[in-house]
2 protein chains.
Amino acid sequence: MNAEIISIGDELLIGQVVNTNAAWIGRELGALGVPVTRVNTIGDNAKEIIVTSRRAWKEADVVIATGGLGPTHDDISKAAVATFFKKKLKLHKPTLEAVKARFAKLGYDKMPESNISQAMVPEGFQVLKNDRGTAPGLLFYNAGKTYIILPGVPQEMEFLMTGSVLPFLKHKYKNKLEAIKHRTIITAGIGESSLAEKIGDPKTFLKKSTILAFLPRAEGVRLRITSHGKSTATVNKEIDRVEAIIRERAGKYVLGTEDQTLAATVVRLLTERSKVLATAESCTGGLIASKITETDGASTVFYGSIVAYHNHVKIKELGVRQLTLIEHGAVSEETAIEMAEGALEKLGSDFAIAVTGIAGPDGGTKEKPVGTIWIALAERNAPTLTKKLQQDFGRVGNRERAAAAALEMLRRRLLGNDAA
Amino acid sequence: MNAEIISIGDELLIGQVVNTNAAWIGRELGALGVPVTRVNTIGDNAKEIIVTSRRAWKEADVVIATGGLGPTHDDISKAAVATFFKKKLKLHKPTLEAVKARFAKLGYDKMPESNISQAMVPEGFQVLKNDRGTAPGLLFYNAGKTYIILPGVPQEMEFLMTGSVLPFLKHKYKNKLEAIKHRTIITAGIGESSLAEKIGDPKTFLKKSTILAFLPRAEGVRLRITSHGKSTATVNKEIDRVEAIIRERAGKYVLGTEDQTLAATVVRLLTERSKVLATAESCTGGLIASKITETDGASTVFYGSIVAYHNHVKIKELGVRQLTLIEHGAVSEETAIEMAEGALEKLGSDFAIAVTGIAGPDGGTKEKPVGTIWIALAERNAPTLTKKLQQDFGRVGNRERAAAAALEMLRRRLLGNDAA
């Protein structure tokens, strides 16, 4: 049992829009027990739609296509799919009435002519009513296989998937569905290959139905355990078993599981200790504060941040001394320390982390090349700790790494193992 | 001349990671003059990699594969590609030295064994040196066709694309490259089909080398003009011509044209006007500042932000009056105004945007449910503008929408059409 996705739209190929629909559908189908084995992203091109539909219809039990169902000249998906299945388009009156009613509700005197096309349906296709737009979803079932095409607007696609497609598949394929579960273990402070050495050869402890994947990120390496089987209970039990092995072998490098980010871990640790954080950010420009406040419950452990992008803000709002900036520069250990201690003082928190650096692409010098970043961690009644990063990962990468390193410094302080 | 992308990784199929790499590569190749005609997303599966490589190698001039080049057991892409091209893997000494040096620099006593695999290269492949990680990129050129495989970590992929792949393609295919340009016109206040009626049949005014696409979104319909041709100048002239026709026919519904991101547009508009921005953020917690500072050149137009997550920071750092918080609450039009005006005053900028709201999932009341967000835009010597959002899209969605709405308010103010 498998599914393929066909994402249709020039905007996806030219990178104007990121294909979030495919990720969403992949998650939902996986949760139902239908693994997605391929996503084909193609343009608004009839020949490509036909060629790709033919391949997918051959290779997969379920094909879900999205995009190109609108009323304008560039929406050609429906006609192409009808051509592939050798079906004629016929007017579907209930859809025409629904589209007309929609326009009346929006205050139009009459429906624009082109919307009649929205009510044309290939013969033999089921119509999936779309309450969030004018283009219905279309479903064709034949000899155990299903082909579905949905609008590309995410809200409409999600509405039709949730309300029509998933219930249809759940019913139609009930004897073929397996439980598929994933769990992700978050680590920090250790590289991919060193972590792999600690964990050992996965073949020695994984069943055939279980996969272990290493997912490196700036924040740290994530380990995803994926398992499939007859029931959710047996699959979860198998995942528990593998998680226990990994936790034992990776020890202190394990932060937690699932979608727990480094920021979420820090929020949890602060909460457990009833401590409050503030940040002072220059090159990260609010990124650390943003990561922390993305987490539920951040409001009890985070006072705020002074984003001191410009030097006058460092002086005025954080109390960094002009002399420090002149003698050592904005990107220096001294400035980082004064920023962190200034934030602690100014915002009255228990901890403050400060970051100042050269994110790039411009602003680097021979002495301080792009990627030079100073981090300081200040704590009430404790010495301030500093750390320097010096490697260029590009503007976005430098910011992400700086944020991760700062949060990791705090995480270790909270766990009482600065030295680790 | 065309390219296909092969994105390899189970995490993409199960929807754990959104495929941003493909969008990034699509943009860069398009800018070079190589249109991407297909993105194949597949799992970490040798058979799939071979089958998909065979198809792509047949259909495209350039194939760019990403993912599965790491040092762990689940990284199988290189071996699969070598199998497809019937090439043996051989040790590439300079790569081994580079990987060893990398580990030494990171403070390791010795390189973990598994990294030897990083230096194994299929015979006949060029090695693209990766300064941001241990896995080099690999390039195979034969009879006018190029196959490239890169690591899936975005910073590493981008580094290799920018430094090695794009220069290679530019040189190797210089006689085949065309100029390809896109421009997107933003409209609001009119539906897709009504807009299409106003614009008329595109066939009557589009050249064969030009495409007009309708992109419906919640905020309004965007119209993308894409054109290709011999030189950038002729292509831009053609796009100017089509834009003029659309602007004339769509009239007041046209808001303007779009750059890459809203934050980048705001940075550009501020730069053109020599104006400086500051932000005061509560529920967005630094997200707006982070989006702005992610853009190159933000340092000349952005002073900083007061992230006032806790009320005492609103009072102390932004000068919000205690009485305002008591009488109207932290999430109110009055508080948003005082936050924006306080930031303007405190940081000395020309504009300040402030956001306060209930991101959720907790903290909502009957009067102010989750998703209630107030935005204020203050400008030196101009009245402060406010806007209320009230719909729940989940914590992350609420924060993203608030940031987008705030930036959009500023964008319109900078363009002089607040009322639109």
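**Concerning the overall build of chain A**
Part 1 of the reasoning: A count of helices and strands for chain A gives 14 helices and 17 strands.
Part 2 of the reasoning: Expressed along its principal axes, the backbone C-alpha trace of chain A runs to roughly 80 × 60 × 40 Å.
Part 3 of the reasoning: Counting all 420 residues of chain A, 52% fall into the buried class.
Part 4 of the reasoning: Taking the contacts inside chain A whose residues are at least 6 apart along the sequence as the reference set, 67% of them involve residues at least 24 apart.

**What about the domain arrangement of chain A?**
All names here are of chain A.
Part 1 of the reasoning: By domain assignment, chain A separates into domain 1 (3-172), domain 2 (179-257) and domain 3 (262-415).
Part 2 of the reasoning: One C-alpha centre belongs to domain 2, the other to domain 3, and the line joining them spans 31 Å.
Part 3 of the reasoning: With 7 residues of domain 2 at the contact, the number on the domain 3 side is 7 residues.
Part 4 of the reasoning: Looking at the side of domain 2 that touches domain 3, its residues break down into 3 nonpolar, 3 polar and 1 charged.

**Concerning the sheet that holds strand 1 (residues 3-8) of chain B**
Part 1 of the reasoning: The sheet built from 12 strands is open, its strands ordered 6(A)-7(A)-8(A)-3(A)-1(A)-2(A)-2(B)-1(B)-3(B)-8(B)-7(B)-6(B) with mixed pairing. The open sheet has two free edges, formed respectively by strand 6 (126-128) of chain A together with strand 6 (126-128) of chain B, since each of these has just one partner strand. The average angle at which neighbouring strand axes cross in this sheet is 15 degrees, direction not considered.

**Focus on the packing of helix 2 (residues 20-32) of chain B against helix 6 (residues 154-172) of chain B**
The description of two helices packed together rests on the angle between their axes and the distance between the axes.
Residue and element names in this part refer to chain B.
Part 1 of the reasoning: The geometry of helix 2 relative to helix 6 is characterised by a closest axis approach of 11 Å and an angle of 20 degrees between their N-to-C directions. Judged by the angle between their axes, helix 2 and helix 6 are roughly parallel. Between helix 2 and helix 6 lies a crossing of right-handed hand. Contacts between helix 2 and helix 6 involve Thr20, Asn21, Trp24, Ile25, Glu28 and Leu32 from the former and Pro154, Met157, Glu158, Met161, Leu166, Leu169 and Lys170 from the latter.
Part 2 of the reasoning: Tallied by class, residues from the contact of helix 2 with helix 6 come to 8 nonpolar, 2 polar and 3 charged.

**Re the interface of chain B and chain A**
Part 1 of the reasoning: Every contact between the two is made by 74 residues of chain B and, on the other side, 73 residues of chain A.
Part 2 of the reasoning: Taken together, the residues of the side of chain B that touches chain A break down into 33 nonpolar, 27 polar and 14 charged.
Part 3 of the reasoning: Examined bridge by bridge, strand 2 (residues 36-42) of chain A and strand 2 (residues 36-42) of chain B share 5 bridges and lie antiparallel to one another. Across the sheet, residue threonine 41 of chain A finds its bridge partner in strand 2 of chain B, namely valine 39 of chain B.

**Observations regarding the sheet that holds strand 14 (residues 302-308) of chain A**
Part 1 of the reasoning: The strand order across the open sheet built from 10 strands is 17(A)-16(A)-15(A)-13(A)-14(A)-14(B)-13(B)-15(B)-16(B)-17(B), with neighbouring strands paired in mixed fashion. Both outer strands of the open sheet, strand 17 (382-390) of chain A together with strand 17 (382-390) of chain B, are each paired with one neighbouring strand and no more. Averaged over all neighbouring strand pairs, the angle between strand axes comes to 10 degrees, with direction disregarded.
Part 2 of the reasoning: Two elements, strand 14 of chain A and strand 14 (residues 302-308) of chain B, share 5 bridges in a ladder whose sense is antiparallel. Across the sheet, residue valine 307 of chain A finds its bridge partner in strand 14 of chain B, namely serine 305 of chain B.

**Concerning the pairing of strand 7 (residues 137-142) of chain B**
Residue and element names in this part refer to chain B.
Part 1 of the reasoning: Pairing analysis gives 3 bridges linking strand 6 to strand 7, with the strands arranged antiparallel. Considered in strand 7, the bridge of valine 127 is made with leucine 138.
Part 2 of the reasoning: Sheet topology note: the strand 7/strand 8 (residues 145-150) ladder contains 5 bridges and is antiparallel. Counted as the bridge partner of leucine 138 is isoleucine 149 from strand 8.
Part 3 of the reasoning: Here strand 7 folds back onto strand 8, and the loop between the two strands holds 2 residues, one of which, alanine 143, carries a positive phi near 50 degrees.

**Some words on the environment of alanine 188 of chain A**
Residues and elements named next belong to chain A.
Part 1 of the reasoning: Residue position: alanine 188 is located in the loop between strand 9 (179-187) and helix 7 (192-199).
Part 2 of the reasoning: By C-beta crowding, alanine 188 is classed as buried, having 21 other C-beta atoms within 10 Å.
Part 3 of the reasoning: Residues alanine 188 and leucine 255, spaced 67 residues apart in sequence, show a C-alpha to C-alpha distance of 6.9 Å.
Part 4 of the reasoning: Not counting residues within four places of it along the chain, the set of residues in contact with alanine 188 comprises Glu219, Gly220, Tyr253, Leu255, Leu262 and Glu408.

**Things to note about helix 6 (residues 154-172) of chain A**
Structural remark: α-helix, 3.6 residues per turn; residues separated by three or four positions point the same way.
Part 1 of the reasoning: At methionine 161 of chain A, helix 6 of chain A shows its largest bend, some 45 degrees.
Part 2 of the reasoning: For helix 6 of chain A, every residue scored as buried is listed here: Glu156, Met157, Phe159, Leu160, Met161, Ser164, Val165 and Leu169 of chain A.

**Considerations on the packing of helix 11 (residues 311-318) of chain B against helix 13 (residues 333-347) of chain B**
Residue and element names in this part refer to chain B.
Part 1 of the reasoning: Between helix 11 and helix 13, the shortest axis-to-axis distance is 9 Å and the interhelical angle comes to 40 degrees. Relative to helix 13, the element helix 11 lies oblique. Counting all contacts with helix 11, which are made through Lys314, Glu317 and Leu318, the residues of helix 13 involved are Glu338, Met339, Gly342, Ala343 and Lys346.
Part 2 of the reasoning: Across the contact of helix 11 with helix 13, the residue classes tally to 3 nonpolar, 1 polar and 4 charged.

**Points about the nonpolar core**
Part 1 of the reasoning: Judged by nonpolar contacts, the single largest core of 124 residues is most densely connected at Ala340, Ala343 and Ile353 of chain A together with Ala340, Ala343 and Ile353 of chain B.
Part 2 of the reasoning: With 8 residues, the top contributor of residues to this core is helix 14 (residues 394-415) of chain A.
Part 3 of the reasoning: Contact partners of alanine 340 of chain A, with chain neighbours within four places excluded, come to Ala280, Ala352, Ile353, Ala354, Ala376, Leu377, Ala378 and Thr384 of chain A.

**Some remarks on helix 4 (residues 77-84) of chain B**
Residues and elements named next belong to chain B.
Part 1 of the reasoning: All buried positions along helix 4 are accounted for by Ser77, Lys78, Ala80, Val81 and Ala82.
Part 2 of the reasoning: On its buried face, helix 4 sits against strand 1, helix 3 (46-59), strand 3 (62-66), strand 4 (89-91), strand 5 (120-122) and strand 8.
Part 3 of the reasoning: Immediately beyond the C-terminal end of helix 4, within one or two residues, lies lysine 86, with a positive phi of roughly 55 degrees.

**Structural notes on unusual backbone geometry**
Part 1 of the reasoning: Of note, the bond from glycine 360 of chain A into proline 361 of chain A is cis; its omega dihedral lies within 30 degrees of zero at 0 degrees.
Part 2 of the reasoning: Structurally, proline 361 of chain A can be placed in the loop between strand 15 (351-357) and strand 16 (372-379).
Part 3 of the reasoning: For lysine 86 of chain A, which is not glycine, the phi torsion reads 55 degrees and is therefore positive.
Part 4 of the reasoning: Relative to the elements of secondary structure, lysine 86 of chain A occurs in the loop between helix 4 (77-84) and strand 4 (89-91).
Part 5 of the reasoning: For lysine 86 of chain A, a count of 9 C-beta atoms within 10 Å translates into the label exposed.
Part 6 of the reasoning: Despite not being glycine, alanine 143 of chain B has its phi angle at roughly 50 degrees, a positive value.

**Describing the confidence of the model for chain A**
Part 1 of the reasoning: For chain A, the average pLDDT comes to 93, and 98% of its residues sit at 70 or higher.
Part 2 of the reasoning: Taken over the whole predicted complex, pTM reads 0.75, whereas the ipTM for its chain interfaces reads 0.75.

**Topic: the environment of alanine 298 of chain B**
Residues and elements named next belong to chain B.
Part 1 of the reasoning: One can find alanine 298 in the loop between helix 10 (287-293) and strand 14.
Part 2 of the reasoning: Residue class for alanine 298 comes out buried when judged on the 23 C-beta atoms lying within 10 Å of it.
Part 3 of the reasoning: Alanine 298 sits 34 residues away from alanine 264 along the chain, and the two C-alpha atoms are 8.6 Å apart.
Part 4 of the reasoning: If we ignore the near neighbours within four places in the chain, the residues touching alanine 298 are Val267, Ile292 and Thr293.

**Some thoughts on the environment of arginine 217 of chain B**
Residue and element names in this part refer to chain B.
Part 1 of the reasoning: Note that arginine 217 resides in strand 10 (residues 210-217).
Part 2 of the reasoning: For arginine 217, a count of 14 C-beta atoms within 10 Å corresponds to the partly exposed category.
Part 3 of the reasoning: Considered as a pair, arginine 217 and threonine 184 are 33 residues apart in the sequence and their alpha carbons are 13 Å apart.

Cut-offs applied
- Residues numbered from 1 in each chain as written.
- Chains lettered and ligands numbered in written order.
- Predicted model: local features only at pLDDT ≥ 70, side-chain atom pairs only at ≥ 80, totals over all residues.
- Helix = DSSP H or I, 4+ residues; strand = E, 2+ residues; numbered from the N terminus.
- Buried ≥ 20, exposed ≤ 12 C-beta atoms within 10 Å, placed from the backbone.
- Contact = placed C-beta atoms within 7 Å.
- Domains from an automatic or database assignment.
- Nonpolar A, V, L, I, M, F, W, Y, C, P; charged D, E, K, R; others polar.
- Pairing = 2+ DSSP bridges.
- Axes fitted to C-alpha atoms, helices over the stretch in contact; angles between N-to-C directions.
- Parallel < 35°, antiparallel > 145°, perpendicular 65-115°, else oblique.
- Left-handed = near helix turned anticlockwise from the far one by under 90°.
- Bend = angle between axes of the 7 residues up to and from the residue.
- Core = buried A, V, L, I, M, F, W, Y, C linked by C-beta atoms within 7 Å.
- pLDDT = per-residue confidence, 0-100.

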